[in-house]
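# Inside the fold
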Amino acid sequence: MDKVVSNFKNSLVINSVDILQDYAEIGIDSFIDNEIVKSIPIIKSVVSARRIINSISDRKLLRNMAIFIIELNSGNVNKEKLEKHIKSLEDSKKAEKELGRFLMILDQTIDAEKSALYAKIYKAYINQKINWELVTEFTEIVSRLFLQDLNILKDLYSNKKFITSNLNEDRKNQFRIERLYSLGIIGYSAKALFPGGGAENYVNLNEIGKLFAKVIFE
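Overview of the structure. (Residues numbered from 1 in each chain as written. Predicted model: local features only at pLDDT ≥ 70, side-chain atom pairs only at ≥ 80, totals over all residues. Heavy atoms only, no water.)

## Description of unusual backbone geometry
- Positive phi, normally seen in glycine, also occurs at Gln128, with a value near 65°.
- Note on placement: Gln128 falls in the loop between helix H8 (112–126) and helix H9 (132–144). (Helix = DSSP H or I, 4+ residues; strand = E, 2+ residues; numbered from the N terminus.)

## Some points on the environment of Trp132
- Following the sequence through the fold, Trp132 ends up in helix H9.
- As for Trp132 and Ile121, which are separated by 11 residues in sequence, their C-alpha atoms are 9.9 Å apart.
- Those residues within four positions of Trp132 in sequence are excluded, and the remaining contacts are Lys97, Glu98, Arg101, Phe102, Tyr122 and Tyr125. (Contact = heavy atoms within 4.5 Å.)

## Comments concerning the side chain of Lys9
- Following the sequence through the fold, Lys9 ends up in helix H1 (residues 3–9).
- Engagement of the side chain of Lys9 in a polar contact is seen with the side chain of Glu90, the distance being 3.0 Å. (Polar contact = N/O pair within 3.5 Å; in protein donor to acceptor, adjacent residues only side chain to side chain.)

## As for the packing of H8 against H9
- Axis separation between H8 and H9 bottoms out at 10 Å; the angle between their running directions is 170°. Relative to H9, the element H8 lies roughly antiparallel. Two packed elements cross with a definite hand, and for H8 against H9 that hand is right-handed. Packed against H8, whose contacting residues are Lys114, Leu117, Tyr118, Ile121, Tyr122 and Tyr125, the element H9 presents Trp132, Val135, Phe138, Thr139, Val142, Ser143 and Arg144 at the interface.
- Grouping the amino acids of the contact of H8 with H9 by side-chain chemistry returns 9 nonpolar, 2 polar and 2 charged. (Axes fitted to C-alpha atoms, helices over the stretch in contact; angles between N-to-C directions. Parallel < 35°, antiparallel > 145°, perpendicular 65-115°, else oblique. Left-handed = near helix turned anticlockwise from the far one by under 90°. Nonpolar A, V, L, I, M, F, W, Y, C, P; charged D, E, K, R; others polar.)

## Re the nonpolar core
- Membership of the largest hydrophobic core comes to 59 residues, with the highest contact counts inside it found for Phe8, Phe68, Tyr122 and Ile130.
- Residue contacts for Phe8: discarding those within four places in its chain leaves Ile42, Phe68, Ile69, Leu99, Phe102, Leu103 and Leu106. (Core = buried A, V, L, I, M, F, W, Y, C linked by side-chain atoms within 4.5 Å. Buried < 20%, exposed > 50% of the residue type's maximum accessible area, 1.4 Å probe, protein only.)

## As for the packing of helix H7 (residues 92–108) against H9
- In contact at an axis separation of 12 Å, H7 and H9 are set at 5° when each is read in the N-to-C sense. Classed by the angle they form, the pair H7 and H9 counts as roughly parallel. Touching Lys97, Glu98, Arg101, Phe102 and Ile105 of H7 are Trp132, Val135, Thr136 and Thr139, all from H9.
- Looking at the contact of H7 with H9 residue by residue, the classes come out as 4 nonpolar, 2 polar and 3 charged.

## Examining the packing of aromatic side chains
- For the structure shown, the criterion picks out 10 aromatic pairs.
- On the numbers, 4.9 Å between centres and 45° between planes, the contact of Phe102 with Tyr122 is tilted. Highlighted residues: Phe102 in helix H7 and Tyr122 in helix H8, separated in sequence by 20 residues. Of the two residues, Phe102 and Tyr122, neither departs from the other in class, the shared state being buried.
- Connected via pairs of aromatic rings, a cluster forms that spans Phe8, Phe68, Phe102, Tyr122, Tyr125 and Trp132.
- For the cation-ring pair, Arg179 lies above Phe146, with the distance from its terminal atom to the ring centre recorded as 3.8 Å. (Phe/Tyr/Trp six-rings, centres within 6.5 Å; stacked < 30°, edge-to-face > 60°. Lys NZ or Arg CZ within 6 Å of the ring centre and 35° of its normal.)

## What about the environment of Lys154?
- By the element assignment, Lys154 lies in helix H10 (residues 150–157).
- On the basis of relative accessible area, Lys154 is assigned to the partly exposed category, the value being 43%.
- Along the chain, Lys154 and Phe217 lie 63 residues apart, while their C-alpha atoms are 7.6 Å from each other.

## Examining the environment of Asn10
- Checked against the element boundaries, Asn10 lands in the loop between H1 and helix H2 (28–33).
- According to the relative accessible area criterion, Asn10 is partly exposed, its value standing at 44%.

Structural measurements only, silent on function.
Spelled out as structure tokens, the structure:
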């Protein structure tokens, strides 16, 4: 098994998630210098091997891996299923397929918040809420998602109504909804105003959008 993937596997379970709060507001250097972060095996091994991490891209990757691991251990993860899943990663092909994919994704990720979203997707997979095919689809959606559109997505998930005829009154909602539509997670439905009359078109989450929102918001 590739050493980096192996170290990543050995880092998936940690004892403390105390530093997850406000991670997006912490600078990369301050985050990596945190003692809890430095105790994570894969972070510790990289820092020990290189002693001085000069590259911004290296520091970004370390931050993203740490956030991913911390989020994975927080909230609604089933610890028994997590431990069982880690044992299944002794299969080197499975480890390369799963962890190798996430390592490459995290290496390409700029926004810290997206690292946490990727962890939520993997957590849903470990909890057996989604299959691997949906993992690949959802990670692609996150990679193309504008973080500024998350509030619209959350509103839709909370059943807030957006009427297309009203969108011209709020241009920021209009183009954000169009961007979410391009991701394939929202659709439009019509509701008759009165018999024989006109109709209003509503924006709503489609089935895949509902599941995606459930994974990242719950």
